[in-house]
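Structural features, examined
What follows is the residue order along each chain.
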Amino acid sequence: MKLTNKSSILAISRTTIRIKRSFYYYKIENKMFDKNNNNRGFAPREMVKGNWKCSQCGVEITELPFEPAPDRPIYCRECWAKNRPPRFSR
């Protein structure tokens with residue numbers, strides 16, 4: 001079916017634009033584009049409870065987001081921030 005009537009073409013395009021616009025407003029209202037939302041769509045990680053000591057400063061660590069390997073060092077947040085590998089910038 002070919003549309004030749006200018007007013008019907010405009011009506012269809014306006015309806016399409018309204019539908020797209022309402023979809024984007026829905027996304028914004030549901031905070032899909034919220035920059036203060038730190039979870040980025042991921043579920044919170046399960047923490048492993050235990051008693052460990054930081055390999056560098058010796059502070060006690062009671063929770064880790066992973067099961068530590070016995071042959072690798074464990075660092076607290078402060079020591080990890082000092083020793084972590086540099087990030088590549090884009």
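Coordinates for the structure precede this section.
These notes cover the structure that comes with them. Just so it is clear, the model here is predicted, and its values are computed rather than measured.

Time to look at the overall build of the protein chain. Secondary structure summary: the protein chain contains 2 helices and 2 strands in total. Helices and strands appear in the protein chain in the N-to-C order α-β-β-α. Counted over contacts in the protein chain with a minimum sequence separation of 6, partners at least 24 positions apart contribute 4%. Per element, the accessible surface of the protein chain, about 9100 Å² overall, is 54% carbon and sulfur.

Take the nonpolar core next. Ranked by size, the top nonpolar core spans 7 residues in total: Trp 52, Cys 54, Ile 61, Leu 64, Ile 74, Cys 76 and Cys 79. Residues within four places of Cys 76 in sequence aside, it is in contact with Cys 54, Cys 57, Val 59 and Ile 61.

Attention now goes to the layout of surface pockets. The gaps left among the atoms become clear once a water-sized probe is rolled over them. Estimates place the volume of the largest pocket at around 720 Å³. Every residue lining the largest pocket is counted, 24 residues in all, and those nearest its centre are Leu 64, Pro 65, Phe 66, Tyr 75 and Trp 80. Among the elements that make up the lining of the largest pocket, the one with the highest residue count is strand S2 (residues 60-64) (5 residues). Here the residues of the lining of the largest pocket sort into 16 nonpolar, 1 polar and 7 charged.

Bringing the environment of Arg 77 into the picture now. With respect to the helices and strands, the residue Arg 77 is situated in helix H2 (residues 77-83). In this structure, the C-alpha to C-alpha distance between Arg 77 and Ile 61, residues 16 residues apart in sequence, is 9.5 Å.

The subject of this paragraph is the pattern of salt bridges. In total, this model carries 1 salt bridge according to the counting rule given. Glu 63 is paired through a salt bridge with Lys 49; the nearest N and O atoms lie 2.5 Å apart. In this pair, Glu 63 sits in strand S2 while Lys 49 sits in strand S1 (residues 48-53), placing the two residues 14 residues apart along the sequence. With a relative accessible area of 36%, Glu 63 lands in the partly exposed category.

Along a regular strand, successive side chains alternate from one face of the sheet to the other. Pairing geometry for S1 and S2, over 4 bridges, is antiparallel. Across the sheet, residue Val 48 finds its bridge partner in S2, namely Leu 64. Between S1 and S2, which follow one another and run antiparallel, lie 6 residues, and Gly 58 among them has a positive phi close to 85°.

Criteria and thresholds
Residues numbered from 1 in each chain as written. Predicted model: local features only at pLDDT ≥ 70, side-chain atom pairs only at ≥ 80, totals over all residues. Heavy atoms only, no water. Helix = DSSP H or I, 4+ residues; strand = E, 2+ residues; numbered from the N terminus. Contact = heavy atoms within 4.5 Å. Areas by Shrake-Rupley, 256 points an atom, 1.4 Å probe, with all protein chains shown as cover. Core = buried A, V, L, I, M, F, W, Y, C linked by side-chain atoms within 4.5 Å. Buried < 20%, exposed > 50% of the residue type's maximum accessible area, 1.4 Å probe, protein only. 1 Å grid on protein atoms, 1.4 Å probe; cavity = no way out; pocket = protein on both sides within 12 Å on 5 of 7 lines; lining within 4 Å. Points joined across faces, edges and corners; volume = space filled by probe spheres on them. Nonpolar A, V, L, I, M, F, W, Y, C, P; charged D, E, K, R; others polar. Salt bridge = Lys/Arg side-chain N within 4 Å of Asp/Glu carboxyl O. Pairing = 2+ DSSP bridges.

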